[in-house]
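Listed here are the chains, written in short residue letters.
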Protein chains: 2
Amino acid sequence: MSAHNQLAIVASCAGDPARANMLSMLMDGRAFTAGELSAAAGVMPQTASGHLARMVDAGLLVVAQQGRHRYYRLASLQVGQMLEGMMVVAAADPSARRFGPRDQAMRFARTCYDHLAGQLAIGIADRLVAAGHLVLADDGGEVTASGRAFLSRQGLDLHAQPHRAFCRPCLDWSERRYHLAGTLGTRIKESFLAQGWIVQKPASRTVEVTRLGRRKIRDIYGVRLES
Amino acid sequence: MSAHNQLAIVASCAGDPARANMLSMLMDGRAFTAGELSAAAGVMPQTASGHLARMVDAGLLVVAQQGRHRYYRLASLQVGQMLEGMMVVAAADPSARRFGPRDQAMRFARTCYDHLAGQLAIGIADRLVAAGHLVLADDGGEVTASGRAFLSRQGLDLHAQPHRAFCRPCLDWSERRYHLAGTLGTRIKESFLAQGWIVQKPASRTVEVTRLGRRKIRDIYGVRLES
DNA sequence: GGGATGTTTCGGAATCGGCCGAAGCGTCGG
DNA sequence: CCGACGCTTCGGCCGATTCCGAAACATCCC
């Protein structure tokens, strides 16, 4: 009944392979149907249903009914951040440094709750830091004056949201380096999507960079994307 | 074998009540012996031993032998941040807003890996902000000129550490508000400890404010501590 | 050396939790 | 109205995990 007990309840939700797979898929912030999540977890629908109910009960997920579909998504930004933190620790284990081909596309570019991650996001963060537009330390980040000027020239809305870090470093689990999160990270992702530089794959967190995106990201951010 | 699977392994470590209790205790960054952790978890030593071995294996804990004692502590700052994120989510569940008397002392004052948390830490952060010594925005924190003068008068070392934010807001899971983290947060905790204003309870994250500490914190920081 | 203490390993019992088959409920389309 | 579809609930099986008693190992103190 104490707070510690509640910690165990929350943690055990992510502590099962089927649920971990579902949570991984939901980490991009989108909502998925029970059927999609059941396929991603590799279990029968009735098994997935039980898992999903449990996660809703623990406060990790919320559900919205739409016709005969039920859409599940992460309950809050905090849940996404919790999962990010867990991915960082999980990927740090040297005994698990094996990545299959399925992971390769995800290592290249993916969404991380509400911002971009993978080599694409790290490239952008690196260039912004190198250009003096950004400072990313281990537990905090900051946009410089030149950074504000540069980013607003790209048409990005630089207004902070209440109760939300504007510029936050997020340790990339696949690359073990920092990329950009927080409100600014969200704005960049939204801007890339809106301009057609990237497209989200229908049932995965993987992101595909379009031909236009490749050119623009190279010209504006100086990031050269291979493969 | 994929990264998702590793997530489940890490998460399941915290997903057992006994292990969750141990991790909660270890969250203040100190090292504890297997015996202390077994008592905190409420299980027999031989049971705790198995749990601890499993967490070391998963990369959450590291162990150091000292004589006939074995001291366990969190393996990295990232593990602490992961647990902090899990506590935020766990405490957010409205169905678990019940706090027993044991939690009351922890809500009042405790350590959060390397800085102070709870009502004490929030009171100090509030007063520093109100006095214009500190700006704690959602996009990070900053110490003002008057703040630097004030804090150095208190004998605090204001030199920044490389790769570490100097002043960072940290969401308090028990109060749902920001307190002070980063290098400055660490310095304040160290200073309070060194001056005998607070003492760490031997086997818990709870911090006790001494009579001297109560007076000093009231006189210098203007925080009136009840209870 | 001998006894006490702290910690780990082993083995067996009980329990917990995941999984799927079968069945029930609501929604959509014709 | 009927069948198809998506999802959930129920019941039983089974493997995994937790727990502790007993015993072994290491270290400290006398």
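So, here is what we can say about the structure in this document. (Residues numbered from 1 in each chain as written. Chains lettered and ligands numbered in written order. Predicted model: local features only at pLDDT ≥ 70, side-chain atom pairs only at ≥ 80, totals over all residues. Heavy atoms only, no water.)

**A few points about the environment of B:Ala125**
Residues and elements named next belong to chain B.
Consideration 1: By the element assignment, Ala125 lies in helix H7 (residues 119-130).
Consideration 2: Of the residues examined, Ala125 reaches a relative accessible area of 2% and is grouped as buried.
Consideration 3: Taking C-alpha positions, Ala125 is 8.3 Å from Leu136, a pair spaced 11 residues apart along the chain.
Consideration 4: Excluding its chain neighbours within four sequence positions, the residues that come into contact with Ala125 are Leu134, Leu136, Tyr178, His179 and Leu180. (Helix = DSSP H or I, 4+ residues; strand = E, 2+ residues; numbered from the N terminus. Buried < 20%, exposed > 50% of the residue type's maximum accessible area, 1.4 Å probe, protein only. Contact = heavy atoms within 4.5 Å.)

**With respect to the pattern of salt bridges**
Close approach of charged atoms allows side chains with opposite charge to pair.
Consideration 1: Counted by the stated rule, this structure contains 15 salt bridges over all chains.
Consideration 2: Across the pair A:Asp219 and A:Arg218 runs a salt bridge, and its minimum N-O distance is 3.3 Å.
Consideration 3: Overall, A:Asp219 belongs to the exposed group, its relative accessible area being 52%.
Consideration 4: Measuring nitrogen to oxygen at the nearest pair gives 3.6 Å for the salt bridge that ties B:Asp157 to B:Arg187. Taken together, the positions of B:Asp157 in the loop between helix H8 (145-153) and strand E8 (168-171) and B:Arg187 in helix H9 (residues 182-194) put the pair 30 residues apart, joining distant regions of the chain.
Consideration 5: Given a relative accessible area of 35%, B:Asp157 falls into the partly exposed group.
Consideration 6: In the salt-bridge network here, residues are joined through shared partners; they are A:Asp157, A:Arg187 and A:Glu190. (Salt bridge = Lys/Arg side-chain N within 4 Å of Asp/Glu carboxyl O.)

**Here we look at the packing of helix H2 (residues 17-26) of chain A against helix H3 (residues 34-41) of chain A**
Residue and element names in this part refer to chain A.
Consideration 1: Interhelical geometry of H2 versus H3 gives an angle of 120 degrees and a closest axis separation of 8 Å. Judged on the interaxial angle alone, H3 and H2 are oblique. Here the hand of the crossing between H2 and H3 comes out right-handed. Side by side, H2 and H3 meet where Ala18, Asn21, Met22, Met25 and Leu26 of the first sit next to Glu36, Leu37, Ala40 and Ala41 of the second.
Consideration 2: Grouping the amino acids of the contact of H2 with H3 by side-chain chemistry returns seven nonpolar, one polar and one charged. (Axes fitted to C-alpha atoms, helices over the stretch in contact; angles between N-to-C directions. Parallel < 35°, antiparallel > 145°, perpendicular 65-115°, else oblique. Left-handed = near helix turned anticlockwise from the far one by under 90°. Nonpolar A, V, L, I, M, F, W, Y, C, P; charged D, E, K, R; others polar.)

**Examining the protein's contact with DNA strand C**
Consideration 1: Taken together, 21 residues surround DNA strand C, and among them A:Arg19, A:Gln46, A:His51, B:Gly35 and B:Tyr72 come closest.
Consideration 2: Within 4 Å of the protein, the contacting atoms of DNA strand C are drawn from sugar and phosphate to the extent of 70%.
Consideration 3: At a separation of 2.7 Å, a base nitrogen of DNA strand C approaches a polar side-chain atom of A:Gln46.
Consideration 4: One of the side-chain N or O atoms of B:His69 is found 3.4 Å from a sugar or linking oxygen in DNA strand C.
Consideration 5: With four residues, the single largest contributor to the surface near DNA strand C is helix H4 (residues 45-57) of chain A.
Consideration 6: When grouped by side-chain class, the residues that make up the surface near DNA strand C number six nonpolar, nine polar and six charged. (Near = heavy atom within 4 Å. Polar contact = N/O pair within 3.5 Å; in protein donor to acceptor, adjacent residues only side chain to side chain.)

**Concerning the nonpolar core**
Consideration 1: Core analysis: the biggest nonpolar cluster contains 74 residues, and A:Leu60 and B:Leu60 have the highest contact counts within it.
Consideration 2: It is helix H5 (residues 77-92) of chain B that contributes the most residues to this core, nine residues altogether.
Consideration 3: Contact partners of A:Leu60, with chain neighbours within four places excluded, come to A:Val10, A:Cys13, A:Leu23, A:Met55, A:Arg73, A:Leu74, A:Ala75, A:Val79, A:Met82 and B:Val89. (Core = buried A, V, L, I, M, F, W, Y, C linked by side-chain atoms within 4.5 Å.)

**Overview of the sheet that holds strand E2 (residues 61-66) of chain B**
Residue and element names in this part refer to chain B.
Consideration 1: The three strands lie next to each other as E1-E3-E2, forming an open sheet whose pairing is antiparallel. A strand with exactly one partner marks an edge of an open sheet, and here the two such strands are strand E1 (32-33) and E2.
Consideration 2: Across the sheet, helix H2 (residues 17-26) touches E1, E2 and strand E3 (69-74), and the angle it forms with E3 is around 80 degrees. (Pairing = 2+ DSSP bridges.)

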